[in-house]
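Structure assessment
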Amino acid sequence: MTEGCDRLWRNARLATLAPGLPGLGEVEDGLVACRDGLILYAGPAADAPAFNAIETIDCEGRWITPGLIDCHTHLVHGGDRAHEFELRLAGASYEEIARAGGGILSTMAATRAASEAELVASALPRLDALIAEGVTTVEIKSGYGLALDHEMKQLRAARALGRERDVTVRTTFLGAHALPPEYAGDADGYISAVANEMLPAVAAEGLADAVDAFCEGIGFTPAQVDRLFEAAQARGLPVKLHAEQLSNLHGAALAARHGALSADHLEHLDDAGIAAMAAAGTVAVLLPGAFYFVRDTHRPPIDALRAAGVPIAIATDCNPGTSPLTSPLLAMNMAATLFRLTVPECLAGMTREAARALGLQDRTGTLEAGKACDLAIWSVERPAELVYRMGFNPLHARIRSGR
């Protein structure tokens with residue numbers, strides 16, 4: 001008896017990333033079957049049922065991984081910050097530039113001046129670069145409007161990108177990214193506006209899938225973030241946090257207390273924060289592009305995260321100021337070379353654990369029956385090439401929802 005399916009990829013080697021399997025969950029002679037946009041079967045060809053496929057694709061021994069997932073980006077913004085890059089090369093620090101009116105506030109001005117259509121048009125080349133390297137799901141944050149109309153404009157532009165391109169877009173409301181000039185000296189007042197005015201409006205229009213904040217000396221205090229997260233959870237929105245990038249304000253532990261999907265950056269994470277994240281199942285999202293670009297030297301505590309069993313994801317952190325990076329493949333290479341992650345950790349970090357960081361682990365991120373048929377097919381001899389190479393894209397085909 002044969003089983004019908006829409007498409008069948010045969011003669012493939014699979015890196016299933018299925019949980020509980022060693023390494024990458026490799027299958028040497030593998031087969032993937034798809035029906036109605038979902039994986040019907042992914043595993044050894046010898047164990048597969050007989051399929052009657054509308055279309056069969058011979059992969060000629062290529063490797064198939066889950067489609068890549070970029071779980072932390074600031075893809076939608078106006079302008080760029082190349083001038084600040086020059087200042088940093090001349091010796092200025094990120095904090096010095098921010099306190100002098102540069103940094104996020106510089107991008108805020110350009111973002112406020114741009115229309116929604118202009119934001120979409122400027123973001124599309126960045127999105128296309130991610131897609132060209134196998135990305136099938138991307139998270140996009142707001143945080144450069146810092147006023148209700150402009151934050152919503154950013155989020156609408158992010159949603160529009162998901163209609164312009166065949167990619168899953170998850171949006172995150174990051175109104176608590178920096179203190180806008182209208183609230184200079186009144187961070188508590190701004191957090192009240194974010195929690196009590198912006199967040200309800202964003203939630204009412206269904207523009208955000210999660211809420212984020214920047215917990216840092218140049219951002220917001222743990223007490224202020226706590227107020228915002230309580231407001232988010234009262235509206236049923238999951239939270240995540242920029243934490244411990246420049247200092248240790250114990251933001252990761254705060255995020256974990258709120259059951260956060262992820263805590264991101266984490267260069268100054270301590271043991272208490274690691275234990276809290278492990279207990280809560282909060283994912284550690286590492287952003288090696290930012291670490292590299294600002295020439296940081298304080299690495300995240302990788303060994304301690306491993307020992308505690310904290311899931312580790314990797315993302316580009318594509319943003320105009322500290323990580324103008326649109327290559328997930330290079331992000332994986334950086335995670336390996338700068339943070340000493342292994343090849344399986346890098347690939348899991350850009351697929352399975354990135355899905356977990358977005359709350360999508362039941363829908364995507366691995367090659368398992370019932371999940372979205374989001375695939376990346378690679379012309380490589382071994383998966384390590386996806387982490388090892390720099391400036392080389394071996395993507396043969398990208399499949400989203402079976403197409």
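Now for a quick tour of the structure. (Residues numbered from 1 in each chain as written. Predicted model: local features only at pLDDT ≥ 70, side-chain atom pairs only at ≥ 80, totals over all residues. Heavy atoms only, no water.)

What follows concerns the pattern of salt bridges. Counted by the stated rule, this structure contains 23 salt bridges. In this structure, R165 engages D128 in a salt bridge whose closest nitrogen and oxygen atoms are separated by 2.6 Å. Placement of the pair is R165 in the loop between α5 (148-164) and β8 (168-176) and D128 in helix α4 (residues 116-132), with a sequence separation of 37 residues. Judged by its relative accessible area of 28%, R165 is partly exposed. Between E139 and K240 there is a salt bridge whose closest N-O contact spans 4.0 Å. (Salt bridge = Lys/Arg side-chain N within 4 Å of Asp/Glu carboxyl O. Helix = DSSP H or I, 4+ residues; strand = E, 2+ residues; numbered from the N terminus. Buried < 20%, exposed > 50% of the residue type's maximum accessible area, 1.4 Å probe, protein only.)

Summed over the entire model, instances satisfying the criterion amount to 2 cavities of 30 Å³ or more. Computed from the structure, the largest cavity encloses a volume of approximately 130 Å³. What lines the largest cavity is a set of 15 residues, among which Y94, H177, Q245, N319 and T322 lie closest to the centre. In terms of residue class, the lining of the largest cavity is made up of 4 nonpolar, 9 polar and 2 charged. Considered as a void within the structure, the second largest cavity measures approximately 50 Å³ in volume. Around the second largest cavity, the lining residues are E139, R170, T171, T172, D209, A210, K240, L261 and L358. Per-element tally for the lining of the second largest cavity: the top contributor is β8, with 3 residues. (1 Å grid on protein atoms, 1.4 Å probe; cavity = no way out; pocket = protein on both sides within 12 Å on 5 of 7 lines; lining within 4 Å. Points joined across faces, edges and corners; volume = space filled by probe spheres on them. Nonpolar A, V, L, I, M, F, W, Y, C, P; charged D, E, K, R; others polar.)

With that settled, the discussion passes to the sheet that holds strand β11 (residues 262-265). With respect to topology, 8 strands assemble into an open sheet ordered β6-β7-β8-β9-β10-β11-β12-β13, the strand pairing being parallel. Either end of the sheet is taken by a strand with one partner, and the two such strands are β6 (68-70) and β13 (312-314). Strand-to-strand twist of the sheet, defined as the mean angle between neighbouring strand axes without regard to direction, takes the value 25°. Two elements, strand β7 (residues 135-141) and β8, share 5 bridges in a ladder whose sense is parallel. Bridge pairing in β8 places T137 opposite T168. Set on the sheet, α5 makes contact with β7 and β8; between it and β8 the angle comes to about 170°. Its contacts with the sheet place helix α6 (residues 187-204) against β8 and β9 (210-215), and it is angled at close to 150° to β8. (Pairing = 2+ DSSP bridges. Axes fitted to C-alpha atoms, helices over the stretch in contact; angles between N-to-C directions. Contact = heavy atoms within 4.5 Å.)

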